[in-house]
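Listed here are the chains, written in short residue letters.
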Amino acid sequence: MAAAMEAAGSNRRNARLPPEVNRAVYVRNLPFNISSEEMFDIFGKYGALRQVRIGNTKETRGTAYVVYEDIYDAKNAVDHLSGFNVANRYLICLYYNPQRMNKRQQNDLAKKQQEIKDLQERYGVDGQSDKL
């Protein structure tokens, strides 16, 4: 029986994973008052964790990044915890995708630059001079 379990473990290691699978998991829709210990309890059931980062600013509250030691543990956690109910909130677990995050940051930057330009036009400020 031990040989069968060992074979299943090695089969798991040889399986091809989709390209979006990553050791870092992005978690949304978390309760705002969740603690790091609770995150380690929930996500640690699926494998060894390297890091848990919980959002603490207005824009990042309710989100977290969970980094696993092993990519297969991350896949197992995403498969089992997507839709998991924590304090009457259903978790959304996604693999971290740097291209998507960079795109969002670029969009935010463009919006802020446009907002500054609109304010400069509205108040007749060129943004270059130091005169008041």
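Criteria and cut-off values
Counting starts from 1 at the beginning of each chain's written sequence and moves along it residue by residue. A pLDDT threshold of at least 70 governs which residues receive local features in this predicted model, and a stricter bar of 80 or more applies before side-chain atom pairs are shown or counted, although totals over entire chains, interfaces and linings include all residues. By convention in this description, side-chain values take in all heavy atoms of the structure and omit both hydrogens and water. At least two DSSP bridges between two strands are required for those strands to pair. Comment: elements are numbered from the N terminus, with helices defined as DSSP H or I runs of at least four residues and strands as E runs of at least two. To get an axis, fit a line to the C-alpha atoms, keeping to the stretch in contact for a helix; angles then go from 0 to 180 degrees between the N-to-C directions. Two residues form a contact once any of their heavy atoms are found within 4.5 Å. Within a predicted model, pLDDT stands for the predictor's per-residue confidence, ranging from 0 to 100. The term salt bridge refers to a side-chain nitrogen of Lys or Arg lying within 4 Å of a carboxyl oxygen of Asp or Glu. Buried, partly exposed and exposed residues are distinguished by accessible area as a fraction of the type maximum, computed with a 1.4 Å probe on protein chains only: under 20%, between the cut-offs, and over 50%, respectively.

Draft legend 1. Focus on the sheet that holds strand S1 (residues 24-28). Spatially, 4 strands are ordered S2-S3-S1-S6 in an open sheet, and the strand pairing comes out antiparallel. Strands at the two margins of the open sheet, each flanked by one partner only, are strand S2 (49-54) and strand S6 (92-95). With strand direction ignored, the average angle separating the axes of adjacent strands in the sheet is 20°. Where S1 meets strand S3 (residues 64-68), 4 bridges bridge the pair, whose relative direction is antiparallel. Bridge pairing in S3 places Ala24 opposite Val67. Across the face of the sheet, helix H2 (residues 36-43) comes into contact with S1, S2, S3 and S6 while running at roughly 135° to S2. Across the sheet, helix H3 (residues 71-81) is in contact with S1, S3 and S6; its angle to S6 comes to roughly 150°.

Draft legend 2. Focus on the confidence of the model for the protein. Of the residues in the protein, 83% reach a pLDDT of 70 or more, and the chain-wide mean stands at 84. At the low end of the mean pLDDT range in the protein sits helix H1 (residues 2-14), at 50; at the high end sits S3, at 96. In this model, residues 1-8 is a region of pLDDT below 50 whose contacts with residues beyond four sequence positions or in other chains number 0 contacts.

Draft legend 3. The arrangement of the pattern of salt bridges in detail. Taken as a whole and assessed by the stated rule, the structure comprises 2 salt bridges. Between Glu69 and Arg50 there is a salt bridge, with the nearest N and O atoms lying 3.0 Å from each other. With Glu69 in the loop between S3 and H3 and Arg50 in strand S2, this pair connects stretches of sequence that are 19 residues apart. Of the charged contacts in the structure, one is a salt bridge between Lys75 and Asp79, with a shortest N-O distance of 2.9 Å. Of this pair, Lys75 and Asp79 both sit in helix H3, separated by 4 residues, roughly a single helical turn.

Draft legend 4. Inspection of the pairing of S6 at higher detail. The side-chain alternation of S6 yields one buried face, formed by Cys93 and Tyr95, and one unburied face, formed by Ile92 and Leu94. Pairing of S1 with S6, which is carried by 4 bridges, proceeds in the antiparallel orientation. The residue of S6 that forms the bridge with Val27 is Cys93.

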